[in-house]
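Commentary on secondary and tertiary structure
What follows is each chain in one-letter form.
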Amino acid sequence: MLNNMSRTLPQIFLLVAAFLVNLTLTRLVALEREQIGLLKALGYSDSSIVLHHFKFVALIVVVGILLGGVAGTWLGLRVTALFGDFFHFPFLVFAKAPDLYVTAGALSAAAAAISALRALREVVKLPPAVAMQPPAPPVYRRLLPESIQLDQFVSQPPLMIIRNIARHLSVPRSRRSGWCSPPRFSSSRCSRGTPWSN
């Protein structure tokens, strides 16, 4: 049982941690989109902008590793004592192996770094003039024909979730980056639903 838990629970916690870091940094980057575009227009490189946000991620990782190491050691001692009392072992030693702490810290840092790169990738690759503008509004379309009304069967919050998921699945990856060529008198190639797109 303990072997199965040791193989399953860390993966779940790493996935949750990566998801939370990605969600937090995505919201932060979306709020700082105009500032990032201004920094790029002033001559800051993409690597310096990514490094600046990586410092925020590194702070989260360091605090998480310290708290997780202390809390994990304390819980390990308590669980070991509990198993020893329950199964009446003559002795049961909790081994504090340094390589386990190093491996756990490295995996946590790797998960946070991957999620941070995923959050920063879309905004950093935008041209400065486009990044300084607010993002284009998303393009919505009907999921089903007009004769079928989902609001008769599904309440409004689940319906919004379904529409959002369907929109992200149907929009091509090239259109999610949000950049668009400047408006011209001829038909321009726009990535998302801007007023001058066809």
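Residues numbered from 1 in each chain as written. Predicted model: local features only at pLDDT ≥ 70, side-chain atom pairs only at ≥ 80, totals over all residues. Heavy atoms only, no water.

Buried together is how nonpolar side chains tend to be arranged in soluble globular proteins. If you look at the biggest cluster of nonpolar residues, it comprises 14 residues, and the most contacted ones within it are Leu 25, Val 29, Ile 36, Val 57, Ala 112 and Leu 120. Of all the secondary-structure elements, those providing two or more residues to this core are helix H1 (2-31), helix H3 (46-87) and helix H4 (98-124). For this core, the element with the most residues is H4, which contributes six residues. (Core = buried A, V, L, I, M, F, W, Y, C linked by side-chain atoms within 4.5 Å. Buried < 20%, exposed > 50% of the residue type's maximum accessible area, 1.4 Å probe, protein only. Helix = DSSP H or I, 4+ residues; strand = E, 2+ residues; numbered from the N terminus.)

Turning our eyes to something else, we now look at the packing of helix H2 (residues 33-41) against H3. At a minimum axis distance of 10 Å, the contact between H2 and H3 shows a crossing angle of 140 degrees. By the angle between their axes, H2 is oblique relative to H3. The handedness of the crossing between H2 and H3 comes out as right-handed. Taken together, the residues of H3 that come into contact with H2 (itself represented by Ile 36, Leu 39 and Lys 40) are Asp 46, Ile 49 and His 53. Looking at the contact of H2 with H3 residue by residue, the class counts come to three nonpolar, one polar and two charged. (Axes fitted to C-alpha atoms, helices over the stretch in contact; angles between N-to-C directions. Parallel < 35°, antiparallel > 145°, perpendicular 65-115°, else oblique. Left-handed = near helix turned anticlockwise from the far one by under 90°. Contact = heavy atoms within 4.5 Å. Nonpolar A, V, L, I, M, F, W, Y, C, P; charged D, E, K, R; others polar.)

Of all residues in the protein chain, 77% have pLDDT values of 70 or greater, and the mean over the chain is 76. Per-element mean pLDDT across the protein chain ranges from 46 in helix H7 (residues 173-176) up to 88 in H3. Here residues 172-198 is modelled with pLDDT under 50, and outside its nearest four sequence neighbours on either side it reaches 47 contacts, counting other chains as well. (pLDDT = per-residue confidence, 0-100.)

For the coordinates displayed, the defined rule picks out three aromatic pairs. Geometrically, the ring pair formed by Phe 83 and Phe 87 is stacked, given 5.6 Å between the ring centres and 25 degrees between the ring planes. Residue Phe 83 and its partner Phe 87 are both found in helix H3; the two are separated by four residues, about one turn of the helix. A ring pair is formed by Phe 86 and Phe 87, whose centres lie 5.0 Å apart and whose planes are at 85 degrees; its orientation type is edge-to-face. Of the residues examined, Phe 86 reaches a relative accessible area of 61% and is grouped as exposed. (Phe/Tyr/Trp six-rings, centres within 6.5 Å; stacked < 30°, edge-to-face > 60°.)

Turning to the environment of Phe 56, a few remarks are in order. Mapping Phe 56 onto the fold places it in helix H3. Spatially, the C-alpha atoms of Phe 56 and Leu 25 are 9.0 Å apart, while their sequence positions differ by 31 residues. The contact partners of Phe 56, leaving out residues within four places of it in the chain, are Thr 24, Leu 25 and Leu 28.

The residue Thr 80 is located in helix H3 in this model. Excluding residues that lie within four positions of it along the chain, Thr 80 makes contacts with Leu 92, Val 93 and Phe 94.

Moving on, we come to H2. Of the residues making up H2, those classed as buried are Arg 33, Ile 36, Gly 37 and Lys 40. In an axial view of H2, the angular spread of the buried residues amounts to 100 degrees, which keeps them on one side of the axis. Positive backbone phi, at 110 degrees, marks Gly 43, one or two positions downstream of H2. (Arc of directions from axis to C-beta.)

Let us now look at a nonpolar patch on the surface. On the surface, a nonpolar cluster with roughly 890 Å² of combined accessible area is contributed by Met 1, Met 5, Leu 9, Ile 12, Phe 13, Val 16, Phe 19, Leu 20 and Leu 23. Secondary-structure assignment places Val 16 in helix H1. (Patch = residues over 30% accessible without salt bridge, like charges linked within 9 Å, V, L, I, M, F, W, Y side chains within 5 Å. Areas by Shrake-Rupley, 256 points an atom, 1.4 Å probe, with all protein chains shown as cover. Salt bridge = Lys/Arg side-chain N within 4 Å of Asp/Glu carboxyl O.)

We now examine the side chain of Lys 40. Relative to the helices and strands, Lys 40 resides in helix H2. Using a relative accessible area of 13% as the deciding quantity, one classes Lys 40 as buried. Excluding residues that lie within four positions of it along the chain, Lys 40 makes contacts with Asp 46, Ile 49, Val 123, Val 124, Lys 125, Leu 126 and Pro 128.

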